[in-house]
There are 4 protein chains.
Amino acid sequence: MSRVLGQRCARQLLPRARAAAGRRTYAAAAAPAFDWQDPLSSKSLLTEEEQAISETAERYCQEQLAPRVLQAYRDENYDKKILEEMGELGLLGSSIEGYGCAGVSTVAGGLITRAVERVDSGYRSGMSVQSSLVMGGIHEFGSEELKEKYLPGMAKGKILGAFGLTEPNHGSDPGSMETTAKPHPTKEGYYSLSGSKTWITNSPISDVLLVWAKLAETGKIRGFLVDRKDCPAGTLETPAIKNKNGLRASITGMIHLDNCPVPKEHMFPEVEGLRGPFSCLNSARYGIALGVMGALEDCIDRARTYSLERKQFKGNPLAKYQLVQKKLADAATDAAYGTLAAIQVGKLKDQGLATPEMISMVKRQNCDRALHHARVLQEIFGGNAVSDEYGIGRHVANLYVTQTYEGQSDIHSLILGRAITGIQAFV
Amino acid sequence: MSRVLGQRCARQLLPRARAAAGRRTYAAAAAPAFDWQDPLSSKSLLTEEEQAISETAERYCQEQLAPRVLQAYRDENYDKKILEEMGELGLLGSSIEGYGCAGVSTVAGGLITRAVERVDSGYRSGMSVQSSLVMGGIHEFGSEELKEKYLPGMAKGKILGAFGLTEPNHGSDPGSMETTAKPHPTKEGYYSLSGSKTWITNSPISDVLLVWAKLAETGKIRGFLVDRKDCPAGTLETPAIKNKNGLRASITGMIHLDNCPVPKEHMFPEVEGLRGPFSCLNSARYGIALGVMGALEDCIDRARTYSLERKQFKGNPLAKYQLVQKKLADAATDAAYGTLAAIQVGKLKDQGLATPEMISMVKRQNCDRALHHARVLQEIFGGNAVSDEYGIGRHVANLYVTQTYEGQSDIHSLILGRAITGIQAFV
Amino acid sequence: MSRVLGQRCARQLLPRARAAAGRRTYAAAAAPAFDWQDPLSSKSLLTEEEQAISETAERYCQEQLAPRVLQAYRDENYDKKILEEMGELGLLGSSIEGYGCAGVSTVAGGLITRAVERVDSGYRSGMSVQSSLVMGGIHEFGSEELKEKYLPGMAKGKILGAFGLTEPNHGSDPGSMETTAKPHPTKEGYYSLSGSKTWITNSPISDVLLVWAKLAETGKIRGFLVDRKDCPAGTLETPAIKNKNGLRASITGMIHLDNCPVPKEHMFPEVEGLRGPFSCLNSARYGIALGVMGALEDCIDRARTYSLERKQFKGNPLAKYQLVQKKLADAATDAAYGTLAAIQVGKLKDQGLATPEMISMVKRQNCDRALHHARVLQEIFGGNAVSDEYGIGRHVANLYVTQTYEGQSDIHSLILGRAITGIQAFV
Amino acid sequence: MSRVLGQRCARQLLPRARAAAGRRTYAAAAAPAFDWQDPLSSKSLLTEEEQAISETAERYCQEQLAPRVLQAYRDENYDKKILEEMGELGLLGSSIEGYGCAGVSTVAGGLITRAVERVDSGYRSGMSVQSSLVMGGIHEFGSEELKEKYLPGMAKGKILGAFGLTEPNHGSDPGSMETTAKPHPTKEGYYSLSGSKTWITNSPISDVLLVWAKLAETGKIRGFLVDRKDCPAGTLETPAIKNKNGLRASITGMIHLDNCPVPKEHMFPEVEGLRGPFSCLNSARYGIALGVMGALEDCIDRARTYSLERKQFKGNPLAKYQLVQKKLADAATDAAYGTLAAIQVGKLKDQGLATPEMISMVKRQNCDRALHHARVLQEIFGGNAVSDEYGIGRHVANLYVTQTYEGQSDIHSLILGRAITGIQAFV
């Protein structure tokens, strides 16, 4: 385990009372017993380090994030301090080696996203952008100078990143982007960037923006690291998008670039075309695939508890009804299956054996099934689910978003269809 | 047609420009052409009066309600004036004969709810409570004095009603209610009511509350009309429930009764047991069955428009993609089927041939299918659906509630199952 | 009512004992009671004549067809006498006026197909080909001579027809057909037809074959009535296709034409292109839409009976279990909805207000839902459904075929999608 | 690897041409490439021995079983020689150590069932009964004498077994069985068994029958090994059940015992109650969970091939259509997930960490999803699927049976629901 995360784990692994009854426990059972929280014993596939990291992350999330999400979601407010807290724990950019990062396995990184998304997909989104999209992008494609300049601060959550790919008219088809970079007309050694990006998580609070733009000279897409503090007034605007239906505990905005000067060294040196952004997205998608399992598991936990406590018709708990039990069984099954599949892909990724289609598969399926079951489990709450205090409505709203971003579900179907048939059907 | 509504229709049927392109038009086509807005020509089943009423209601809703719903939903605010406006148009208690009500057919009443719910299920809920649950209840079970005292003002939207059946611990099983009425210890000729009701639409703004309580002397459920202005301070509280996940454009609250004195003449004279509230609910459920078809049709309209305008991959509109077309075809089919079924049940109701199970069937199926398709159509918007300005996310959130209130979907399944098999399976 | 069918009805309507307990009864109930066999009272939409025809057909089917279907299905055998029996009852070409046909309404014709398909989709297929595809085609497009020559014998079931459109390489896309007609090289006044058709119901037993072929001179599709008894040896072969997975109680084959001479007067005089065959298919599809509701209703009946008789766990009938009741409720709902929709389209058809897309809608939806629910209801039988004596497995296998023929379900989706969006997405 | 299976593997692993193009290949890919036949690289979880066993079994099945299944299914005929062939290859009772069995891992055993079920679920059923239910039962619960007397011959496929648990009136609830064993009235040292069992795979051809019966003295269920050759005439009948809708390539029958004498030593010495049969079923269910993935994979393979070869609309292969690609993507995803889950449970089983609920989960989910997708993929074939030569209809019919036997899907839902909630809902 990395030093950073390792120290934390050691410190936090001291014996302590579990916060609330009914919460997950992590002790390994000696005799084989069915654990509804991990029905197919996915934990048996984890290294000790991965288990320890998972516990650390779960503990932080339950103790520090869970208590503030209800109000944050109501107010559509994202507390920047969260990224600092995560940074202190070593949770940011955790699978990067060096530069102050923890250097843990892909699966361990996924377990962190799962812990965060068990609380809220918006919190996980804020972290994914920082960790996978921006830090991951800099680490994979940036020059050594850029890495040294930005990664350590980002790992601590002191420098916040945003990832600018999607444009207002080009959601599923980023290859048609309109943002351009051309040699700056007046500033030597600078490019001038112009264009608009939308649905950009963290953009309003970001310090550094990884913006993808077409280089005028070549027509090829290149990555640019835009440092807000160096942008002249009026060249960079990042207005927030408000009144969202979901992910309200994360902050989302646009990026408007108007002849914004960016030093040539802030262009990623080699990567051209969609390979760059797609590689970043691949990492983020992996995190989503395991992350949404956390949200689904929280829905199961909440629905199970509710069904045991709520009594109807002669004092029977709802849990006694067949129609309720089937909902729980179906959800638990897909949670267990999706977790195994995501762990498998993570292991393959660390061995260099994962393909983008594998990630399309687990991202699509896990998001689809998490959304589906969250909705079905919500029915167990009847009208009470309308109150936001039961939490499940928030997961339902959030999971819709996870299904559509970083590759809408149907698009991933067609990616898989192409891989299976060899024929492209995007039209 | 009734005088009240008839005059309005006449006035509003003068030729006028249609507000917005792409909106529904109402002229009958001469040659048989497929109308995606009414695929199986349900209009051919309506009388001229019913068509005229529908047009009047649609026009009011599109012109007066549609422009304010976005902000109302954001702010969780319900404008009481809406009920007054509806009252002026004769839309309240429309199927009641006399007492200032329009006296139109059950189907006509359903077409009004459809028009309102095409804008928002919350607005329809506010109207349903006034029209079906309270006015309907008074008309069916109240004494002549109560009818004359309350119905005309309610029909005008000057007196607002609420319907208190559901209790915090008894959602699907109202027979276990705990609210009681007993002879008032000090006020002669009064009952004293105590207990709590929850999830009561309009309760915070209501003038008169139809409360169902167990009469201590008999243990039987009876209906009481509680007039707020006559309640001593501290005996009636109706706090609002805030931070709802859906139906945010309607106002919802609780009812707390603490030894509240209610004159004996305000108890419904004859009806005992659950027959009273179930009869009221039956009327309201009918309105929901046709109402949610309006919400679904609005989702289809919005998704269709979006799919024609949004271009991806070589400039093709989304509407060109098979996966999108199938979503639209599936939704249009269920909208057409559900509309026919609801019209059929309305006609049977006016002939005295409808049974509660028929209403369970159309309420359940239409809510389930509307919710399902709204969610599927939402996928067409991709990430953009997260912005509340596209409207579809609001319908998705609202329709969840319609599926759970006035009989959660599974409960209606079991009512149908009992009718089919003769065996009760609630327990 | 037509003379032909009218007499039968009169005769058969004499009082008689109902064959088997639990079978459908047809007496109108005085008080409103839920009828699980007709949950939304579709019967109230029928004329007295339509009800009488329905009863006659149901009686024949239950008494004459039901007893032989099990063995016929096992042996993959179709008894030609069935068409003669149907002819005697006036059930063939029933919506044609004159030529010895009954001339009843479209809905009445659909009620006949429903009665037949309640027993078996294969029996209904055999009848549909005779009635809708061939007799309907001759009546709509044939010369007066052809009508007089063939329709009376076909109405009696003495002359059997087959409909040759589908080719081995062109299922969903008949416009690409390869069968051609050119002036016969040696026989004056004759065309010479060559090509192959497949999946042709009744072809091996047919006397007259309505074959669609491209006229060499124009490249346009035309209809030809091929009279088997006039074809020289070796010019017409109609081998049976055996070992089918479904519709085994109907007979299916190919048509091979090898320079088959057909008199010029046997070409339909005016209709060109796909309008001809599509018009025939439209009528047949309508019959399927109402027909499959019969099969579904039979599945509901069988599953309900089984669930009441079969006891498991402490002697409880399966019908007591929530998971079973939900299956029954879901199926009954879609049966009721589909029936209403099909009746509505039938009424519109007789008023000249039906469009092909309406028929696509009810054909697709009713076949899809019938198949879906038949499969779900089959689960109630557990392992016992594997025995063919329970009948439901036969319906399941048959209904798969109805979903794919006369327009596979996805193709109808795209027809509807095109009608909704104005954009074609077949390619 | 065991000697028995090892030798075969060595012999068969010699280089040889693959039978047919498009068939599975087994060479490990060097660079990460998406393999539609194993999308999440489940192979990476297998030991070399497991891979070798899988290849051996696949080769036998494709070369020896695949060519005969079509005719066997048509004729409802099961060739006893198949079990002998399997025995020669070491495929029977493969996870038993000693007694002439291969002693391979649980996963290896599952890979064998997958290979067999890729051809036909009926062939797999025939093998499962022999291997898991009877040999497994004898090995786990039989005396040393019984093991030595029967297992070696059974392993060779020379002695055929059947497993008698299910009774005509007690499918999902075997605890209510009516078959009894009491001391034989005349033969010292014998029990006398009477009762009937049904849906017994292999019963008509079995030499030895493991029959579960209630011991009269205790009322407890006990296991008896009935050796047919020792049964007096008239005490044991095993008539075949014909005209099945599915699994027609396996043979199924009843068992009638009429005062059948069974030596006391043929009663399993210690196990009492349902623990015995449930333990056997657990092993068989595990085999089904991985087995049905083979059937599903074969459906994917067939549908993919068909969609690439079949052209419609301007010569496009069906594989180009989005609606087709989505069907393939969905099926491939569930096949990949189900395979990983089953492998995980197999590994846990060998470590003593599997619970019956885990097996319920993978049995239920994999059967449900295999059946669902087989049906959806069948739609790609349109009407052609009705011809049995395309094979997919056979899988569809078979998979229905796998969903209902050895625990109907809903029953497993309730087993899982009980494990999740702690509340039993069978009644």
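Labelled according to an unreviewed UniProt entry, chain A appears under the name glutaryl-CoA dehydrogenase (ETF), originating from Thyridium curvatum. Under the heading Catalytic activity (unreviewed entry), UniProt records this for chain A: "glutaryl-CoA + oxidized [electron-transfer flavoprotein] + 2 H(+) = (2E)-butenoyl-CoA + reduced [electron-transfer flavoprotein] + CO2".

J.: Mind laying out the relation of the copies chain C and chain B, listing which residues take part and the relevant values?
T.: If you rotate chain C by 180 degrees and push it 0.0 Å along the axis, it lands on chain B with an RMSD of 0.0 Å. Look at the turn and shift together and you get a two-fold axis relating the two. Considering only C-alpha atoms, the residue of chain C closest to the rotation axis is C:Tyr337, which sits at 3.1 Å. Of all interface residues in chain C, 100% are interface residues in chain B too; the two copies therefore contact each other through one and the same surface.

J.: Pulling in residues and values, what's your account of the pairing of strand β4 (residues 180–183) of chain B?
T.: Two faces make up the sheet, and in a regular strand the side chains alternate between them. Residues and elements named next belong to chain B. Relative to strand β5 (residues 190–201), β4 runs antiparallel, the two being bridged by four bridges. Bridge pairing in β5 places Pro183 opposite Tyr191. Hairpin connection of β4 to β5: six residues between the antiparallel strands, including Gly189 at a positive phi of 75 degrees. Relative to strand β6 (residues 208–215), β4 is paired through two bridges, and the arrangement is parallel. Its bridge partner lying in β6, Thr180 is registered against Lys214.

J.: Lay out the UniProt feature "domain: Acyl-CoA dehydrogenase/oxidase N-terminal" (unreviewed entry) in chain A in plain terms, naming residues and giving numbers.
T.: As annotated in UniProt, the feature "domain: Acyl-CoA dehydrogenase/oxidase N-terminal" (unreviewed entry) corresponds to residues 47–158 of chain A in the numbering used here. As annotated, residues 47–158 of chain A has a helix share of 75% and a strand share of 4%, and its two end C-alpha atoms lie 30 Å apart.

J.: Just give me the short version of the pattern of salt bridges, but keep the residues and values in it.
T.: Pairs may arise between side chains of opposite charge once their charged atoms sit close together. Throughout the structure, instances matching the rule amount to 80 salt bridges over all chains. Across the pair C:Arg74 and C:Asp388 runs a salt bridge whose closest N-O atoms are separated by 2.7 Å. Of this pair, C:Arg74 sits in helix α2 (residues 48–75) while C:Asp388 sits in the loop between α9 (356–380) and α10 (392–404), and the two are 314 residues apart along the sequence. Close ionic contact of D:Lys197 with D:Glu167 constitutes a salt bridge, the shortest N to O distance being 3.0 Å. Of this pair, D:Lys197 sits in strand β5 (residues 190–201) while D:Glu167 sits in the loop between β3 (161–164) and β4 (180–183), placing them 30 residues apart in sequence. Across the pair, exposure class does not vary: D:Lys197 and D:Glu167 are buried alike.

J.: Summarise the relation of the copies chain A and chain D; cite the residues concerned and give the values.
T.: It takes a turn of 180 degrees to lay chain A on chain D, together with a shift of 0.0 Å along the axis; the resulting RMSD is 0.1 Å. Most of the interface of chain A is mirrored in chain D: 98% of its interface residues are interface residues there too.

J.: Any chance you could break down the domain arrangement of chain A for me, citing the residues and the numbers?
T.: Residues and elements named next belong to chain A. Examined at the domain level, chain A breaks down into domain 1 (4–14 + 37–155), domain 2 (161–266) and domain 3 (275–421). Measuring from the centre of the C-alpha atoms in domain 1 to the corresponding centre in domain 2 gives 25 Å. Residue-level contacts link 26 residues of domain 1 with 23 residues of domain 2. Between domain 1 and domain 2, roughly 2,000 Å² of surface is buried when both sides are summed, and carbon and sulfur atoms account for 63% of that area. Looking at the side of domain 1 facing domain 2, the largest losses of area belong to Tyr73, Glu76 and Tyr150, adding up to 32% of the total buried there. The interface formed by domain 1 and domain 2 includes one salt bridge. A salt bridge links Arg248 to Glu76; the nearest nitrogen and oxygen atoms lie 3.8 Å apart. Linking domain 1 with domain 2 are nine residue pairs in polar contact (both at pLDDT 80 or more), by the criterion used here. Breaking the side of domain 1 that touches domain 2 down by element, the ones donating at least two residues are α2 (48–75), α5 (121–141) and α6 (144–155). When the residues that make up the side of domain 1 that touches domain 2 are grouped by side-chain class, the tally is 13 nonpolar, eight polar and five charged.

J.: Residue-level account of the UniProt feature "domain: Acyl-CoA dehydrogenase/oxidase C-terminal" (unreviewed entry) in chain A, with values.
T.: Within this structure's numbering, the places UniProt gives as "domain: Acyl-CoA dehydrogenase/oxidase C-terminal" (unreviewed entry) are residues 273–420 of chain A. Each end of residues 273–420 of chain A is marked by a C-alpha atom, and these two atoms are 24 Å apart; helix forms 77% of the span and strand 3%.

So, how was this worked out
Residues numbered from 1 in each chain as written. Chains lettered and ligands numbered in written order. Predicted model: local features only at pLDDT ≥ 70, side-chain atom pairs only at ≥ 80, totals over all residues. Heavy atoms only, no water. UniProt positions renumbered as here; feature names shortened; annotations may be inferred. Least-squares fit on C-alpha atoms with pLDDT ≥ 70 in both. Contact = heavy atoms within 4.5 Å. Pairing = 2+ DSSP bridges. Helix = DSSP H or I, 4+ residues; strand = E, 2+ residues; numbered from the N terminus. Salt bridge = Lys/Arg side-chain N within 4 Å of Asp/Glu carboxyl O. Buried < 20%, exposed > 50% of the residue type's maximum accessible area, 1.4 Å probe, protein only. Domains from an automatic or database assignment. Buried area = accessible area lost by both parts, 1.4 Å probe. Polar contact = N/O pair within 3.5 Å; in protein donor to acceptor, adjacent residues only side chain to side chain. Nonpolar A, V, L, I, M, F, W, Y, C, P; charged D, E, K, R; others polar.

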